[in-house]
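Next come the chains, spelled out residue by residue.
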Amino acid sequence: MQKLEVFGAKKLKGQINISGSKNASLPILAATLLSKNQITLKNLPNVKDIDTMMSLLDSLGSKIKKVKDKIIINNSRQKKTFASYNLVKTMRAGILVLGPLLAKFGNAKVSLPGGCAIGTRPINIHLDALSKLGVKYKIIQGYVHAYAPKGLIGNKIRFSKISVGATENLIIAASFAKGSTYLNNIAIESEIIDLINFLKNMGCNIKWTGKRSLKIKGVSKVKEITYPVMFDRIEAGTYLIAAAVTEGNLKIKNIVPKIIQTEINILKKIGAKINIKKSEVHIIGNKKIKSINIKTAPYPGFPTDLQAQMMVLLCRANKQSVIKEDIFENRFMHVAELNRMGAQILIKGNKAIVQGNINFAPAELMATDLRASVSLVLAALSAKGKSVINRIYHLDRGYENIEKKLKKVGAKIRRVN
Ligand code: UD1
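Residues numbered from 1 in each chain as written. Predicted model: local features only at pLDDT ≥ 70, side-chain atom pairs only at ≥ 80, totals over all residues. Heavy atoms only, no water.

**Things to note about the sheet that holds strand β22 (residues 364–366)**
Working definition: the strands of a sheet are paired by backbone hydrogen bonds and lie parallel or antiparallel to each other. One open sheet holds the 4 strands; their spatial order is β22-β23-β1-β24, and the pairing between them is mixed. Pairing within the sheet leaves two strands with one partner each, and these edge strands are β22 and β24 (412–416). The mean inter-strand angle of the sheet, taken between neighbouring strand axes irrespective of direction, is 20°. Taken together, the 5 bridges between strand β1 (residues 3–8) and β24 define a ladder with antiparallel strand orientation. Bridging across to β24, L4 finds its partner in R415. Across the face of the sheet, helix α12 (residues 370–382) comes into contact with β1, β22, β23 (385–390) and β24 while running at roughly 30° to β1. (Pairing = 2+ DSSP bridges. Helix = DSSP H or I, 4+ residues; strand = E, 2+ residues; numbered from the N terminus. Axes fitted to C-alpha atoms, helices over the stretch in contact; angles between N-to-C directions. Contact = heavy atoms within 4.5 Å.)

**Brief notes about the packing of aromatic side chains**
This model, assessed by the stated rule, comprises 2 aromatic pairs. With centroids separated by 5.4 Å and ring planes inclined at 25°, the aromatic side chains of F82 and Y143 adopt a geometry described as stacked. Here F82 is found in strand β6 (residues 82–83), whereas its partner Y143 is found in strand β9 (residues 143–147), with 61 residues between them in sequence. You can call Y143 buried: its relative accessible area is 15%. Ring geometry for F198 against Y227: centres 5.5 Å apart, planes inclined by 75°, an arrangement best described as edge-to-face. Of this pair, F198 sits in helix α7 (residues 190–202) while Y227 sits in strand β14 (residues 225–228), placing them 29 residues apart in sequence. Classification of Y227 as buried rests on a relative accessible area of 7%. Sitting above the plane of the F7 ring, K412 keeps its charged end 4.9 Å from the centroid. (Phe/Tyr/Trp six-rings, centres within 6.5 Å; stacked < 30°, edge-to-face > 60°. Buried < 20%, exposed > 50% of the residue type's maximum accessible area, 1.4 Å probe, protein only. Lys NZ or Arg CZ within 6 Å of the ring centre and 35° of its normal.)

**Description of the site of the ligand**
Around the ligand sit 19 residues in total, of which N124, S163, V164, D305 and I327 are the nearest. Contact distances for the ligand include 2.6 Å between an oxygen atom and a side-chain N or O atom of S163. At 2.7 Å, a backbone N or O of V164 approaches an oxygen atom of the ligand. Here the ligand, which alone exposes 740 Å², has 87% of that area covered by the protein. Elements with a contribution of two residues or more to the shell around the ligand: α1 (22–31), α5 (124–132) and α6 (164–175). Residue composition of the shell around the ligand, grouped by class: 8 nonpolar, 6 polar and 5 charged. Mapping the shell around the ligand onto the domain boundaries places at least three of its residues in each of domain 1 (3–19 + 231–416) and domain 2 (22–228). (Near = heavy atom within 4 Å. Polar contact = N/O pair within 3.5 Å; in protein donor to acceptor, adjacent residues only side chain to side chain. Areas by Shrake-Rupley, 256 points an atom, 1.4 Å probe, with all protein chains shown as cover. Nonpolar A, V, L, I, M, F, W, Y, C, P; charged D, E, K, R; others polar. Domains from an automatic or database assignment.)

**Focus: the layout of surface pockets**
Estimates place the volume of the second largest pocket at around 210 Å³. If you trace the second largest pocket, you find 13 residues lining it, with L44, K66, D69, K70 and I71 closest to the centre. Every element with two or more residues in the lining of the second largest pocket is listed here: α2 (48–59) and β5 (70–74). For the lining of the second largest pocket, the element with the most residues is α2, which contributes 3 residues. Across the lining of the second largest pocket, the residue classes break down as 5 nonpolar, 2 polar and 6 charged. (1 Å grid on protein atoms, 1.4 Å probe; cavity = no way out; pocket = protein on both sides within 12 Å on 5 of 7 lines; lining within 4 Å. Points joined across faces, edges and corners; volume = space filled by probe spheres on them.)

Geometric values such as these leave the question of function open.
Put into structure tokens, the structure is as follows:
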């Protein structure tokens, strides 16, 4: 099993090019199932979750070709409607094929994604909303058996809770339903805006009717397009925090700064110097880091996917900070490992009380989930000496070339078998 060895504490300096967004690519890949034409996608990140989604599409009968930096997908003969446990278990986003399969064929059998390290992660909101479009379903031996006897029929849907995945599944399904669907209380994460742009480019009829509401008029066919996926805002946020943690000096490139305004504002408040250009953010980390209380929230709030990374930074702050995790019930898996490195973090329900003024000590560490893993890399970058991070397959699910990118800006880091 591969490990990462990190030799801290080096100040990071230079430029990092941000890759395409994993979380935007996944629903867009699922949405290609709607098309009978060729779809060309650009800027997909080279990470394991994207490979898993492509294997899932392949198992459903999609023809996928890699040509240089593009992926060409042809679903003209795609007919299968069975998404197996083996493919969905490793990546929860596998459930995103349910909406498009039901829209295209009126039936699908998709494995339940199951729980994961950060919480139980049910799919009740996806299923309740699909039911409103005329879908009947049963859960049998870990699979959702779903069918729409009369095809999908537009309806008014108000999500009981803001869910990124349920919003995506429903936007895709409603794009091919008969009549109009009104979606209310939707998630408005940038990846959802990217999915909507992609669908509109293909010819889907989607209109905003409010800040968190859409009207989607179903269409029956879509056109051939080429689409570049947006940048990965979580990767960008991670490297901005890496600069702040190491008192570094980094230019984070290939991004749209206004999409990460919340993160930029917080980093400014804690004392980092930030200069914003059209597609770049230049950050200089300050020796003195000011404490701050933050809570995770749906976009445009502070992203839960950056909570672990921010916690590392706040361990180095001048006073105590409190982080409230409002999205996932069990997303503090990194805390035990950070405490092994000398952090003093106390969990009280969904709050983490983070003592400041910590100098991380190097350690042998165990990665537990994607974002927890990268938080350990950040802590190791700031700890003087050698840390070893085990189980880095979690990192490879979502960070393209992480050690190459870090090495280029001066980190001493290497992958060993
Ligand atoms: C997506 C992101 C993930 C991010 C999360 C929140 C992808 C591939 N993953 O995950 O990185 O951390 O958004 O920004 O884009 N919930 C239910 N029932 C449901 C669905 C969700 O109770 O049917 C709950 C979840 O357990 C969680 C909350 O709603 O507590 C938000 O989850 P959701 O927004 O759906 O997250 P994902 O789409 O799974």
